[in-house]
Amino acid sequence: MQSRRTFLQQLMGAAAVMAMPPHLLAAKPSALPWRNWSGSQVCYPNTRSAPADLAQLQTLLKESQGIIRPVGSGHSFMPLVPTDDTIVSLSRLSGLISVDAEKQQARVWAGTRLGEIGEPLAQNGQALLNMPDIDEQSLAGAIATATHGTGAQITCMSDYVASLQLVLANGDTLECSRSQNTDIFNAARVNMGALGVVSQVTLQNQAPYKLKRETTWLPIEEILENAHQLADDNRNFEFYFIPFTGMGFIDVQNITDEPITKMEKLDQNDGAEDLKTARDLLSWSPKLRELVLGTYMNTLPKEVNVANSWQNYASERNVRFNEMEYHLPRENMLDAFKEIRHIVETQFPEVFFPFEVRFIKQDDIWLSPFNGRETCSIAVHRYHQEDFQAMFAAIEPVMQKYNGRPHWGKLNTMTAQQFAAHYEHWSDFKAIRQQLDPEGQFLNPYLSSLFGS
Ligand SMILES: Cc1cc2nc3c(=O)[nH]c(=O)nc-3n(C[C@H](O)[C@H](O)[C@H](O)COP(=O)(O)OP(=O)(O)OC[C@H]3O[C@@H](n4cnc5c(N)ncnc54)[C@H](O)[C@@H]3O)c2cc1C
């Protein structure tokens, strides 16, 4: 890996002799009491609480005044969490509670980070059905926004919930499942933290499995030509496109009995840093940038590794960014992708982060962006110190033209009226929300704009 990076750096150095590297760093965000992962959201809560047990959580909700917002690991880009009043974290309500071996289900505290679920589940003969591309999120946070991995035959994480426990604004607990408080369950599986605090979750799992992950660099045209077939032929398939290079890579995972080859997460930080350096040095000449990066990417060998499923989904993503991701009807992906690529490559030469394209199976959850349709997600990113507004504003109408629904946790400008047109059960969700939280204690300004009366 190191020698490949050196090779790339030498290539770029030689090509950039005439270049004037642009200095794009914006002012650093100042230190603030609470900010999300990317720095796109900040707030000054009066109270921050992390109850040590269920009783403390119930007392907090019963007694606190003003707005209460549950927070997970702060990995959402949208203003779902910010409030000037109370932020409550379930970081101390974490870990496995019990397992049902026969049903292959496990009861887990909702504050558990996804990366801390795999090992205890494996020790009890179970594994998550799928995972997203990082595992820093809390379980409740992941469910709240319909967090997903990739796999044309695999649904998003909210759909693995067999039942869950909510703690309501008045401190009462409420259990819901397909057969108990059914409508609340339909609302609570994708809830944006707008109904109450999810304290425990029963997950439907499967027997432990190993995954073989194969990563192959290819010309983007070849990837696009085969994308739907690859999605149908493999358990997990996604692809990335690197703007201004003509290249991308595919990531394919399938269940295997082969011996384990790796135990650590993939580290994608070096790749992002290299692309940033190439952008800094070469954006003055798109042709040279494509030539240098295309040449480099063509030298990259296929990478193959085998690991326990829970160790093979997530990567390290420490190079921070802001992100917009829309979930489109699967049949619209290719047309939308081509238009978005054209916009970026003709108007935004500073972009160096890849596009990411994933496949998700439909479900029946009221506010799931995957409700009722086989889905392809397209995600675009901007480095966290760069202004994302102009690029996202140029791309969002394309996402919407192709009938996209935004990821609940990722940047978008959709209004309540626009969401309502996408979700058959929008008013049912609002009615359940009103029933569970009549005083609107869980509504911050953004959620109030969506679900307020
Ligand atoms: C680097 C990075 C990679 C990502 N990769 C993926 C990916 O592969 N797939 C994908 O779909 N998304 C991805 N995301 C988005 C992320 O999964 C979602 O935004 C997720 O909601 C974040 O979970 P969190 O624990 O950080 O929750 P937060 O962002 O802190 O909160 C999210 C929502 O959950 C609510 N919430 C949190 N805890 C509770 C609780 N106990 N009860 C009720 N509500 C609660 C909050 O109120 C809020 O509405 C990524 C984000 C980043 C920054």
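Keep in mind that this is a model prediction, so the values were computed, not measured.

Brief notes about unusual backbone geometry
- Of note, the phi angle at Gln104 is positive, near 55 degrees, even though the residue is not glycine.
- Position of Gln104 among the secondary structure elements: in the loop between strand 6 (96–100) and strand 7 (105–109).
- On the neighbour-count criterion, Gln104 (19 C-beta atoms within 10 Å) is partly exposed.
- With phi around 60 degrees, Ala146 is a residue other than glycine that occupies positive phi space.
- Checked against the element boundaries, Ala146 lands in the loop between helix 4 (139–144) and strand 8 (161–167).
- When the 28 C-beta atoms within 10 Å are taken as the criterion, Ala146 is described as buried.

A short note on the sheet that holds strand 15 (residues 303–308)
- Spatially, eight strands are ordered 15-11-13-12-18-19-17-20 in an open sheet, and the strand pairing comes out antiparallel. Taken across any chain shown, the strands that pair with only one partner, and hence form the sheet edges, are strand 15 and strand 20 (405–406).
- Where strand 17 (residues 321–329) lies against strand 20, two bridges are found, and the strand directions are antiparallel. Across the sheet, Tyr326 pairs through a bridge with Pro406, a residue of strand 20.

A word on the pairing of strand 19 (residues 375–383)
- Most of strand 19 sits inside the fold, with nine of its nine residues counted as buried.
- Side-chain alternation along strand 19 places Thr375, Ser377, Ala379, His381 and Tyr383 on one buried face and Cys376, Ile378, Val380 and Arg382 on a second face that is also buried.
- Pairing geometry for strand 18 (residues 355–360) and strand 19, over five bridges, is antiparallel. If you follow Val357 over to strand 19, its bridge partner there is Ile378.

Some points on the site of the ligand
- Near the ligand you find 32 residues, and of these Gly72, Pro132, Gly141, Gly193 and Gly409 are the closest.
- Mapped by element, the contributors of at least two residues to the shell around the ligand are strand 4 (68–71), helix 4 and strand 10 (197–204).
- For the shell around the ligand, the element with the highest residue contribution is helix 4, accounting for four residues.

With respect to the nonpolar core
- Counting residues in hydrophobic clusters, the biggest one holds 117 residues, and the most contacted among them are Leu139, Ile143, Val201, Ala336 and Ile378.
- Both domains that furnish three or more residues to this core are identified here as domain 1 (89–207 + 416–451) and domain 2 (210–406).
- Residues within four places of Ile143 in sequence aside, it is in contact with Met157, Ser158, Val161, Arg189, Val198 and Val201.

Here's the deal with the domain arrangement of the protein
- Domain annotation of the protein identifies domain 1 (89–207 + 416–451) and domain 2 (210–406).
- The centre of domain 1, based on its C-alpha atoms, is set 26 Å off from the matching centre of domain 2.
- If you look at the interface, domain 1 gives 30 residues, while domain 2 gives 26 residues.
- Those elements that provide at least two residues to the side of domain 1 that touches domain 2 are helix 3 (118–123), helix 5 (182–188) and helix 13 (426–436).
- Here the residues of the side of domain 1 that touches domain 2 sort into 13 nonpolar, 12 polar and five charged.

Calculation criteria
- Residues numbered from 1 in each chain as written.
- Predicted model: local features only at pLDDT ≥ 70, side-chain atom pairs only at ≥ 80, totals over all residues.
- Helix = DSSP H or I, 4+ residues; strand = E, 2+ residues; numbered from the N terminus.
- Buried ≥ 20, exposed ≤ 12 C-beta atoms within 10 Å, placed from the backbone.
- Pairing = 2+ DSSP bridges.
- Near = placed C-beta within 6 Å.
- Core = buried A, V, L, I, M, F, W, Y, C linked by C-beta atoms within 7 Å.
- Domains from an automatic or database assignment.
- Contact = placed C-beta atoms within 7 Å.
- Nonpolar A, V, L, I, M, F, W, Y, C, P; charged D, E, K, R; others polar.

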